[in-house]
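Understanding the architecture of this molecule
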Amino acid sequence: VYRVGVSNKCVIWCYDIYGFQGGRTREYCDKLAEKGYMVLLPDFFRGEWRDVEDPDLCDWIKKQTDWYGERQLDWVEKVLPYARSHGAEVFAAVGTCWGSTMVLRLCSYGEFKAGACMHPALTFIIENI
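Since the model is a prediction, treat every value here as computed from it, not as a measurement. (Residues numbered from 1 in each chain as written. Predicted model: local features only at pLDDT ≥ 70, side-chain atom pairs only at ≥ 80, totals over all residues. Heavy atoms only, no water.)

1. Focus on the overall build of the chain
We count it as follows: A run of H or I in DSSP becomes a helix once it reaches four residues, and a run of E becomes a strand once it reaches two; helices and strands are each numbered from the N terminus. The quantity called the radius of gyration is restricted to C-alpha atoms. Its globule counterpart is 2.2 Å times the number of residues to the power 0.38. We call a residue buried when its accessible area falls under 20% of the maximum for its residue type, exposed when it is over 50%, and partly exposed in between, using a 1.4 Å probe and counting protein chains only. Any two residues having at least one pair of non-hydrogen atoms within 4.5 Å are treated as being in contact. A 1.4 Å probe and the Shrake-Rupley method give the accessible areas. Residues count as covered only by the protein chains that appear here. For the purpose of charge, His is not counted, nor are the chain termini; Lys and Arg are scored as positive and Asp and Glu as negative. For this purpose, a charge sits on NZ of Lys, CZ of Arg, CG of Asp or CD of Glu.
Of the regular secondary structure elements, the chain holds five helices and five strands. Mapped from its N terminus to its C terminus, the chain presents α and β elements in the order β-β-α-β-α-α-β-α-β-α. Here the C-alpha atoms of the chain give a radius of gyration of 15 Å, agreeing with the 14 Å that 2.2 N^0.38 yields for 129 residues. Principal axes of the C-alpha set define a box for the chain whose edges measure 40 × 35 × 25 Å. Taking all 129 residues of the chain together, 40% fall into the buried category. Intrachain contacts of the chain at a sequence separation of at least 6 include 69% that bridge at least 24 residues. Looking at the chain as shown, the accessible area adds up to about 7,500 Å², and 56% of this sits on carbon and sulfur atoms. Of the charged side chains in the chain, 15 are positive and 18 negative; the average position of the first set lies 6 Å away from that of the second.

2. Observations regarding the environment of V1
Note on placement: V1 falls in the segment before β1 (2-4). Ignoring anything within four residues of it in the chain, the contact list for V1 reads F20, L40, L41, P42 and Y82.

So far we have only geometry, and geometry alone does not tell us how the molecule works.
Structure follows, in structure tokens:
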């Protein structure tokens, strides 16, 4: 888990298929923390990631997105207790690409007050409607 910021308001950042080390993810976490939030970036993929052109991408995404397998256990047994041990009381979630699915799942829990999802492919779709 990458943790930045100190607050009782906690944002769970759910990354894209490029994973824990991908792109500008940590930079965005840092920017949210500067606004007064604790931000947690769980390593859902355990260090793995995929490129959009990888031949096993679809099977890999299905495995990673299995909420009733590891993902739900990650939240209930690891991330939530970790967040609370650092003072988190109220939660929000932000997701990009693959992480959008995690945001929808997390926001079904009563601790969550907000969720936001974004995906770069939506720009192309909206521009061509």
